[in-house]
Amino acid sequence: MFFDSALGWFSLDMGIDLGTCNTLVCVRGQGIVLNEPSVVAVRKGTNIVLENGSAVGLRAKEMLGKTPGSITAIRPLKDGVISDFEITEAMLTYFIQKVHGRRRWLKPRVLIAIPSGITAVEKQAVFHSAMQANARRVYLVEEPKAAAIGAGLPFGEPVGSMIVDIGGGTTEVAIISMADIAASESIRTAGDNFDEAIVNHMKKTYNLMIGDLSAERIKIEIGSAGPTGPETTMEVRGRDMISGLPRKCIITSEEIREALQEPIGKVIDAITVTLGRAEPELAADLVETGICLAGGGSLLRGIDQVIHQATGLPVRRAEDPLTCVARGTGVLVENLESCKEALESDLDE
Ligand code: ADP
Ligand code: MG
């Protein structure tokens, strides 16, 4: 909260990273104040959010894959598109109000980072949701821009740099120069598809059905994109597809790496396609500035080396890749007065 002299009253500005897996909220002057899964629990077959909206975020994620018949836990942004407007709205409302607390008289200005591929209708839904959630003004920024700012790239300068944000549902690749996107590609292959590849591998090789959360644990514990050191093993539990009975088996880091090659190949293709679209002068800059990785998917072991081998460019992981976009929105809200003209806002319509 701060005193807005133009308004003559106290104000609250917040930046929101509306991710396919995780939503983070950054408040001006306070930094990141909320970091929860983008999950909502609803009554099956309806859009009715459980318990007046309290089954959102962390509590709802615990329900994924374990809900009794009458309840489903939904990730409304799973594929990088808003699959369900009402549920997205309920989620955004819940998060904004959670940060807002009891200061409801403070109508906040809200800056939301959205996937660069979303449609005009989906944008409208985001505006609408934030307004419903008591926002005074709503601004939108394309997620790769926020990621580039959060990663500390030379955002506003006439120098080309590349950001690759590997999230849960989407990978966003962008070449940034002079505060704008010079070339970009957004694909629906990211961390969730790494998990899916592991689920399929377990089915095919061991006739073992495992849940998405188990697959994610395998990825984080022993997954890699390329060889990174001593190979390890892990015990995995699931349900036998033939007998239907629970059982366990031991898997190796090598076979998981093999299983991950296909989705990783798609991420690399998106990067090379984007590089191919760069103007020669910007391409020349990239030889120096290289590629910066952000998003939770970039935490996969060895993915930096594999991208380096495929492109020949220097590759580095941003500091704290999971919070890059949120920190970028934080920088933008700190400077909202000077940058708001450059952002899309609810008054543009
Ligand atoms: P989004 O922006 O789409 O919400 P995030 O940037 O929050 O996505 O990243 C979520 C993805 O990162 C998930 O697929 C998750 O499994 C993956 N992830 C998180 N930590 C790790 C890790 N240590 N190793 C590999 N993947 C990870
Ligand atoms: Mg993200």
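What comes next concerns the included structure.

## So, the sheet that holds strand β15 (residues 246-252)
Then, in step 1: The antiparallel open sheet is built from three strands, whose spatial order is β13-β14-β15. The open sheet has two edge strands with one neighbour each: β13 (208-209) and β15.
Then, in step 2: In the sheet, strand β14 (residues 233-240) pairs with β15 via seven bridges, with the strands oriented antiparallel. Its bridge partner lying in β15, Arg239 is registered against Pro246.
Then, in step 3: Along the sheet, helix α6 (residues 212-222) contacts β14 and β15; its crossing angle with β14, the most-contacted strand, is approximately 170°.

## Considerations on the site of ligand 1
Then, in step 1: The environment of ligand 1 is made up of 17 residues, and the closest members are Thr20, Cys21, Asn22, Glu216 and Lys219.
Then, in step 2: Contacts to ligand 1 include Gly296, whose backbone N or O atom sits 2.9 Å from an oxygen atom.
Then, in step 3: At 3.3 Å, a backbone N or O of Gly297 approaches an oxygen atom of ligand 1.
Then, in step 4: Computed on the free molecule, ligand 1 has an accessible area of 580 Å², of which 88% lies beneath the protein chains in the complex.

## Side note on the pattern of salt bridges
Then, in step 1: With the rule as written, the count across this model stands at 17 salt bridges.
Then, in step 2: A salt bridge links Glu231 to Arg257; the shortest N-O distance between them is 2.9 Å. Here Arg257 lies in helix α7 (residues 253-276) and Glu231 lies in the loop between α6 and β14, a separation of 26 residues in the sequence.
Then, in step 3: For Glu337, the salt bridge goes to Lys340, with nearest N and O atoms at 3.2 Å.
Then, in step 4: Judged by its relative accessible area of 24%, Lys340 falls in the partly exposed class.

Thresholds applied
Residues numbered from 1 in each chain as written. Chains lettered and ligands numbered in written order. Predicted model: local features only at pLDDT ≥ 70, side-chain atom pairs only at ≥ 80, totals over all residues. Heavy atoms only, no water. Pairing = 2+ DSSP bridges. Helix = DSSP H or I, 4+ residues; strand = E, 2+ residues; numbered from the N terminus. Contact = heavy atoms within 4.5 Å. Axes fitted to C-alpha atoms, helices over the stretch in contact; angles between N-to-C directions. Near = heavy atom within 4 Å. Polar contact = N/O pair within 3.5 Å; in protein donor to acceptor, adjacent residues only side chain to side chain. Areas by Shrake-Rupley, 256 points an atom, 1.4 Å probe, with all protein chains shown as cover. Salt bridge = Lys/Arg side-chain N within 4 Å of Asp/Glu carboxyl O. Buried < 20%, exposed > 50% of the residue type's maximum accessible area, 1.4 Å probe, protein only.

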